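Breakdown of the fold
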Amino acid sequence: MVGATAKEWAGTSGPAQDPGAPRVMRADARRNHGRLLAEARSAFAAHGTDASLEDVARRAGVGIGTLYRHFPNRHALMSAVFEDAVSDLLARSHELLDAPQPCTALVEWLREIISHAGAYRGLARALMSASQDDGSHLARCSAPMREAGGALLLRAQESGAVRPDVSIGDLLQLTNAIALAAEETPDDPALADRLLNLTLRGLKP
């Protein structure tokens, strides 16, 4: 993982390795990495993405320096925590490409994004801000999401169900804004669906 020290990688002793070959984490580094991710998931789910990284490191049984060697900043850790959800969303987008109603498929995928973002308080806000920062770990994580969503959007546009001037970037920002609104209004569980339905009306020609 980015930022790990030389001691945490295999091949630091013995025959020289090809500089271009991928480095392999030592067993102890892999264990630390796994524990940090597990504790981060628990902390973010319980306390939101602003949870103390010092507490995450302490619960994982490592120092804060070890956490930062594996994850150089909070967005890098959030990106790693969200990686499984991104994989699920990408797989789902491929399935929906064969759905008979392209616009319904697009909205269903957006609804699943909202559901995943809602698992960690603060994630939707972070995703919105990261979209303006190409250097952010979260922004790099969102690139395949834009590609997957773009394919669903194009199909809906080609069917005539969605206006041709709608961009996937704007649509994902709007989706994150809906997730944020739902997060800020926990006593109205139907809010996200209502806002998504309003979005659908705005998408139509």
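Bear in mind the structure is a predicted one, so any value in this text is a computation, not a measurement.

Let us look at the overall build of the protein. Across its full length, the protein holds 10 helices and zero strands. Listed by position from the N terminus, the elements making up the protein come as α-α-α-α-α-α-α-α-α-α. Counting over 205 residues, the protein shows a buried share of 40%. In the protein, of all internal contacts separated by at least 6 residues, the share reaching a separation of at least 24 is 67%.

For Val62, the position within the fold is in the loop between helix 2 (53–60) and helix 3 (64–70). In the structure, Val62 is positioned 27 residues away from Arg35 in sequence and 9.1 Å away in space, judged by C-alpha atoms. Contacts of Val62, omitting those with residues within four sequence positions, involve Asn32, Arg35, Leu36 and Ala57.

Across the protein, pLDDT averages 83, with 85% of residues at or above 70. Taken element by element, the predicted model of the protein shows its lowest mean pLDDT in helix 7 (residues 123–130) (79) and its highest in helix 2 (96). Scored below 50 in pLDDT, residues 1–23 makes 32 contacts in the model with residues more than four places away or belonging to other chains.

Right, let's get into helix 8 (residues 137–158). Under the 1.5 Å per step criterion, the end-to-end length of helix 8 is 32 Å for 22 residues, consistent within 8% with the ideal 32 Å. Along helix 8, the helix axis deviates most sharply at Ala143, where the bend reaches about 30°; the proline Pro144 sits within four residues downstream. Buried residues of helix 8: His137, Leu138, Ala139, Cys141, Ser142, Met145, Ala148, Gly149, Leu152, Leu153, Ala156 and Gln157, and no others. The inward-facing, buried residues of helix 8 abut helix 4 (74–81), helix 5 (83–96), helix 6 (102–117), helix 7 and helix 9 (168–184).

All right, on to the pattern of salt bridges then. Counted by the stated rule, this structure contains nine salt bridges. Across the pair Arg92 and Glu112 runs a salt bridge, and its minimum N-O distance is 2.9 Å. Pair noted here: Arg92 is in helix 5 and Glu112 is in helix 6, with a separation of 20 residues, a long-range link. Each of Arg92, Glu95, Glu108 and Glu112 takes part in salt bridges that share partners, so that together they form one network.

Packing of helix 1 (residues 27–47) against helix 2 leaves a shortest axis separation of 9 Å and a crossing angle of 130°. In terms of orientation, helix 1 and helix 2 fall into the oblique class. By crossing handedness, the relation of helix 1 to helix 2 is classed as right-handed. In this structure, helix 1 uses Arg35, Leu36, Glu39, Ala40 and Ala43 to contact helix 2, whose residues at the interface are Val56, Ala57, Arg59 and Ala60. A per-class count over the contact of helix 1 with helix 2 returns six nonpolar, no polar and three charged.

Within the fold, Ser93 resides in helix 5. Take Ser93: its relative accessible area is 2%, and that puts it in the buried class. In this structure the side chain of Ser93 is engaged in a polar contact, spanning 2.6 Å, whose partner is the backbone oxygen of Leu90. Discounting residues that sit within four places of it in the chain, Ser93 has contacts with Trp109, Ala148 and Leu152.

About the criteria used
- Residues numbered from 1 in each chain as written.
- Predicted model: local features only at pLDDT ≥ 70, side-chain atom pairs only at ≥ 80, totals over all residues.
- Heavy atoms only, no water.
- Helix = DSSP H or I, 4+ residues; strand = E, 2+ residues; numbered from the N terminus.
- Buried < 20%, exposed > 50% of the residue type's maximum accessible area, 1.4 Å probe, protein only.
- Contact = heavy atoms within 4.5 Å.
- pLDDT = per-residue confidence, 0-100.
- Expected span 1.5 Å × (residues − 1).
- Bend = angle between axes of the 7 residues up to and from the residue.
- Salt bridge = Lys/Arg side-chain N within 4 Å of Asp/Glu carboxyl O.
- Axes fitted to C-alpha atoms, helices over the stretch in contact; angles between N-to-C directions.
- Parallel < 35°, antiparallel > 145°, perpendicular 65-115°, else oblique.
- Left-handed = near helix turned anticlockwise from the far one by under 90°.
- Nonpolar A, V, L, I, M, F, W, Y, C, P; charged D, E, K, R; others polar.
- Polar contact = N/O pair within 3.5 Å; in protein donor to acceptor, adjacent residues only side chain to side chain.

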